[in-house]
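The residues making up each chain are set out below.
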Amino acid sequence: MKNEIITITSKYQDDRHRLMDILIDIHDLYGYVSEADIELLSERLGMSEVEINETITFYHFFSRTPRGQFNIFLNNSITACMRGHDLVKKALEEACGTTFGSVSQDGMFGLYSTSCIGMNDQGPSAIINDKVFTNLTTYRVMKLVADLKSGKSPDEAIYESTGDGNNSDPYVRAMVFNNIRKRMVILDKDHIKFEVVRSLLKGHSPEEIIDIVENSNLRGRGGAGFPTGLKWHFGRRVESEHRVIICNADEGEPGTFKDRVLLTEFPDLVFEGMVIAAYATGADIGLVYLRYEYRYLYKFLNHILDKMRKEGLLGKNIAGIKEFNFDIRIQLGAGAYVCGEESALIESLEGKRGEPRDKPPFPVEKGYLNYPTIVNNVETLATTVRIVKNGADWFKGFGTKDSLGTKLLSVSGDCKFPGIYEVEWGTSIREVIEMSGADDVQAVQVGGPSGVMISVKDIDDLGTTELMKWYKPSGMMVAQKTFDRKLSYSDLPTGGSIMIFNNKRDLLKEVVMNFMDFFIEESCGSCSTCRNLPFIMKQKLQKILDGHGVRKDIDDLLSWGKIIKISRCGLGQTSANPIVSSILNFRYLYEQHVKAMADFDNVFDLEKSVEAANSFVGRKANFHHA
Amino acid sequence: MNTTIKFKIDGREIIAEKGQTIVEAAKANGVYIPTLCNFEGLPPKGCCRMCTIRISNRYMTSCTTPVAEGMEVESDIPEITDFRKGIVELLFVSGNHFCPACEKSGNCELQALAYRFKMMVPRFPFLFPQKGIDATNPKIIKEQNRCILCKRCIKGIKDDEGRSYFAYKNRGNKLEVVLDEKMGKEITDALARKAMDNCPVGSIIYKELGYYQPIGKRKYDKKPIGSEIEI
């Protein structure tokens, strides 16, 4: 055992910055990290044991206790819940003979819940020993568990049906479907691979490339919308021995899965974007931070990188350009939504818990190992290839004045055709609804849980205009009357997550509660605000849903939601949005639950409170009161 | 080279050195900005959000933000005071803080801030979380009920090779600060005492030393926290 750990740490030169890789390798061997392993790691890496434990206990896919031979991570995002998650969960518990959060007695199965795994268009899905199983039903669960019990590996269990396109590639072999519904320029199948790097870069200076991207007004596609050209410009400006390009493939916002599809069908485009960015900024280190949930793509992506190296598209003097040296390494995450935040991602890359950094300094000044670092989203990088090839003016032919180009939307929820839609900016919500074949729509969540719910219900009358300025959205929940609003940076900005809810859904009980659970689970816990408030606010919402709410509770939630705005990162700042925005725009839903709009909760229902006890003893309590 | 910077906090002119943080500059100019996780001599990490200020409508933490020429900082305004009080209340309800029975009472920064912000009953419901006490170390008691997860011990108590005696464990509202069992056994008296002094609350207690300073003669017994800074 000792030798194996030493082999692993030696593979990474006993470098504490590679702790994530070391821990992943240890999990591959033993499934968890034991006390003895930590002791040895502490010696080898020159860290205290609690420091190593700090990283392990932060990530969802790491464990300090033995896990099962098969570990089933069932996704609990809202759209999975709408498509039978609870039944699947129950079926899994029965078939595996254990409850969620534990390992079966024979050590065969470990059952765990997990936040969105980027399969919202084919949920409920689960990850079993790094393999993804989609469209789960109770029947499929029984069959699957029986297969595993009979000695089949998850790999073998999958082989009966792999997905379309590269999902059936020998390096992938996943049961995942791309569901590409609409292609425009980014998803154009007829492109020539690596054309830009091979033939176009030579003719342009790095500054010229940055100019093209700046002129195109391309904005970051991850959701925040920072101008990409400007970021490259800043990154280039700082004097440094090394510069770093990071591709953020930690697609964690519930409801988005477009990066997964890009990495499956257009990995060359993403990597080419990285090479272009490296050329433009003078970077020599390239890193892809791939979320653990997409580990099934790891071999495939590395295979592409190997091919690129062989073809001189990575390494030294790339594409014959003298002293243009750049290479890419893929770093796996280990399950933490907050690592999608660029500075948390960098912390994680350095082997630490994914806690966002204070800014300034920004990553473009001091990022990975203190080198100037440019973090770009998968889709952003793919888009830059198209821009450099066709020019900024061509790009400006798509979209609206303030939002140029096209955007990949990940559409899921109550619609006939969930999947990926490439649309021009300026597309209205109504058009998206029609494209996806949804009807009887109650609300559309644009931009994931960190978005804001918006309806037109008398916003001004409720005196909430003042409050609205607090909630600068990264996305919104749109109600019927405003379906003509357009996807754009000035109206409805989005990273591409579109979730549709029909009129049968209970927005508070199902949707808002699910989103709050997500934020409670995924907070890094560093800020006093985001660590505590989502939990406290969810309890209050539960109180209202239980029928004990009073008018003041609604106002309390609004005013408490303000405090959370002083958290450090975007995740923290938006973690009360599901509640606050739904009050602002669906207040009537809350008022339905607040009994007769009472000012205080004066009813203690004695009979109701002893109901459980009554049924247990099989008789009715005899109350001697009026 | 001129390294002096002028800026304003709540309209009052502040003269600062380039490279200082807002908290440092404020302190040097007799302006108190309440802090909890910040500790002189340690790199700042905006964990508690207590020192939040507003600069051109953006919230920043003044312990991590460097001063800049001409910046206009809003600090002592009702909105931000309410946020700060809210944080104190959050820390009270998310732990189990029973001041009368705490060795640190009177020397506790959280308690002192609660007095300063005139906290009566927290606006949030008490959570009464189940937390433990680790008294296995020969010198230190780690009282998790009182820990506010400020990171001061994590950043400040290290051995000669830079390894931390304390670290976080878990995440979100399950976050804890734990003491390294092995290194903890070897901790020197001086470092153990330093750990206690580093702790803003009564979560790190040096064994057998809890009440060495009598109640009534403690740091915040006579004057509120911050009054040593304010002019």
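How big an interface is tends to be stated in terms of the accessible area lost upon association of its parts. Per the domain assignment, the segments making up chain A are domain 1 (2-58), domain 2 (70-160), domain 3 (201-395) and domain 4 (406-591). Computed from C-alpha atoms alone, the centre-to-centre distance between domain 1 of chain A and domain 2 of chain A is 28 Å.

Each partner contributes to the interface: chain A provides 45 residues, whereas chain B provides 44 residues. Roughly 3,600 Å² is buried in total at the junction of chain A and chain B, and carbon and sulfur atoms are behind 56% of that figure. Contact with chain B buries surface across chain A, with Val50, Arg531 and Ile566 of chain A losing the most and accounting together for 19% of the total. On the surface where chain A and chain B come into contact, there are 6 salt bridges. A salt bridge links Lys182 of chain B to Glu49 of chain A; the nearest nitrogen and oxygen atoms lie 2.6 Å apart.

Moving on, we come to helix α10 (residues 206-215) of chain A. Residues and elements named next belong to chain A. Turning to α10, its buried residues number three or more, namely Pro206, Ile209, Ile210, Ile212 and Val213. Projected down its long axis, α10 shows its buried positions confined to an angular sector of 155 degrees, all on one face. Next to the buried residues of α10 lie α11 (228-237), α13 (267-281), α16 (378-390) and α17 (392-396). Backbone geometry just downstream of α10 places Asn217 in the positive-phi region, at approximately 55 degrees.

Residues and elements named next belong to chain A. Summarising the element assignment, His303 is placed in helix α14 (residues 298-310). Given the relative accessible area of 24%, His303 is considered partly exposed. For His303, the side chain forms a polar contact with the side chain of Tyr171, separated by 3.3 Å.

Moving on, we come to the packing of helix α2 (residues 19-30) of chain A against helix α4 (residues 49-58) of chain A. All names here are of chain A. Taken N-terminus to C-terminus, the directions of α2 and α4 make an angle of 70 degrees; their axes are 11 Å apart at the nearest point. For the element pair α2 / α4, the angle class is roughly perpendicular. Contact with α2, carried on its side by Leu19, Met20 and Leu23, involves Ile52, Thr55 and Ile56 of α4 and no other residues of that element. Tallied by class, residues from the contact of α2 with α4 come to 5 nonpolar, 1 polar and no charged.

Okay, the confidence of the model for chain A next. Per-chain confidence: chain A averages 91 in pLDDT, with 94% of residues scoring 70 or above. Taken together, the stretch residues 452-475 of chain A has pLDDT below 50 and engages in 73 contacts with residues farther than four places along the chain or on a different chain.

Right, let's talk about the packing of aromatic side chains for a bit. All names here are of chain A. Scanning the entire structure with this criterion turns up 16 aromatic pairs over all chains. Taking 4.7 Å as the distance between ring centres and 55 degrees as the angle between the ring planes, the aromatic pair formed by Phe61 and Phe73 counts as tilted. Note that Phe61 is positioned in the loop between α4 and β1 (70-75) and Phe73 in strand β1, a separation of 12 residues in sequence. Accessibility classification places Phe61 together with Phe73 in one group, the buried group. Both rings, one in Trp394 and one in Phe395, keep their centres 6.5 Å apart while their planes meet at 40 degrees; by these two values the pair is tilted.

A few words on the sheet that holds strand β2 (residues 102-103) of chain A. Residues and elements named next belong to chain A. Overall, mixed pairing links the 5 strands, which are arranged β2-β3-β1-β4-β5 in an open sheet. Either end of the sheet is taken by a strand with one partner, and the two such strands are β2 and β5 (131-133). As judged from the 6 bridges shared by β1 and strand β3 (residues 109-114), these two strands associate in the parallel manner. Bridge pairing in β3 links Asn75 to Thr114. In this fold helix α7 (residues 138-149) packs onto β1, β3, β4 (126-128) and β5, with an angle of close to 140 degrees to the strand it touches most, β3.

All names here are of chain A. Considering all chains together, one arrives at 57 salt bridges over all chains under this definition. Salt-bridge contacts for Asp28 lead to Arg295; the nearest nitrogen and oxygen are separated by 2.7 Å. Of this pair, Asp28 sits in helix α2 while Arg295 sits in the loop between β8 (285-290) and α14, and the two are 267 residues apart along the sequence. Since its relative accessible area comes to 45%, Asp28 is described here as partly exposed. One salt bridge connects Glu35 with Arg64, and the closest N-O pair in it is separated by 3.2 Å. Here Glu35, found in helix α3 (residues 35-45), pairs with Arg64, found in the loop between α4 and β1; they are 29 residues apart in sequence, far enough to count as distant. Using a relative accessible area of 26% as the deciding quantity, one classes Arg64 as partly exposed.

Glancing now at a nonpolar patch on the surface. A contiguous nonpolar surface patch, about 350 Å² in accessible area, is contributed by Phe98, Phe126 and Phe128 of chain B. Within the fold, Phe126 of chain B resides in the loop between α3 (109-116) and β6 (133-134).

Turning our attention to the pairing of strand β12 (residues 419-424) of chain A. Residues and elements named next belong to chain A. A large share of β12 lies buried, amounting to 5 of its 6 residues. As paired strands, strand β11 (residues 406-413) and β12 are joined by 6 bridges and run antiparallel to one another. Note on β12: the bridge partner recorded for Val411 is Gly419. Hairpin connection, β11 to β12: the antiparallel pair is bridged by 5 residues.

Residue and element names in this part refer to chain B. Within the open sheet, the 3 strands sit side by side as β6-β7-β10. Their pairing is antiparallel. Since the sheet does not close on itself, it has two edges, and those belong to β6 and β10 (204-206), each with one partner. Where helix α6 (residues 189-198) meets the sheet, it contacts β7 (140-143) and β10, and its direction lies at approximately 140 degrees from that of β10.

Residue and element names in this part refer to chain A. For the bond from Gly123 to Pro124, the omega torsion is -5 degrees, close enough to zero to count as cis. Checked against the element boundaries, Pro124 lands in the loop between β3 and β4. Cis geometry marks the peptide bond from Lys359 to Pro360, where omega comes out at -5 degrees. Its identity as a non-glycine residue notwithstanding, Phe194 has a phi of 60 degrees, on the positive side.

Cut-offs and rules
Residues numbered from 1 in each chain as written. Chains lettered and ligands numbered in written order. Predicted model: local features only at pLDDT ≥ 70, side-chain atom pairs only at ≥ 80, totals over all residues. Heavy atoms only, no water. Domains from an automatic or database assignment. Contact = heavy atoms within 4.5 Å. Buried area = accessible area lost by both parts, 1.4 Å probe. Salt bridge = Lys/Arg side-chain N within 4 Å of Asp/Glu carboxyl O. Buried < 20%, exposed > 50% of the residue type's maximum accessible area, 1.4 Å probe, protein only. Helix = DSSP H or I, 4+ residues; strand = E, 2+ residues; numbered from the N terminus. Arc of directions from axis to C-beta. Polar contact = N/O pair within 3.5 Å; in protein donor to acceptor, adjacent residues only side chain to side chain. Axes fitted to C-alpha atoms, helices over the stretch in contact; angles between N-to-C directions. Parallel < 35°, antiparallel > 145°, perpendicular 65-115°, else oblique. Nonpolar A, V, L, I, M, F, W, Y, C, P; charged D, E, K, R; others polar. pLDDT = per-residue confidence, 0-100. Phe/Tyr/Trp six-rings, centres within 6.5 Å; stacked < 30°, edge-to-face > 60°. Pairing = 2+ DSSP bridges. Patch = residues over 30% accessible without salt bridge, like charges linked within 9 Å, V, L, I, M, F, W, Y side chains within 5 Å. Areas by Shrake-Rupley, 256 points an atom, 1.4 Å probe, with all protein chains shown as cover.

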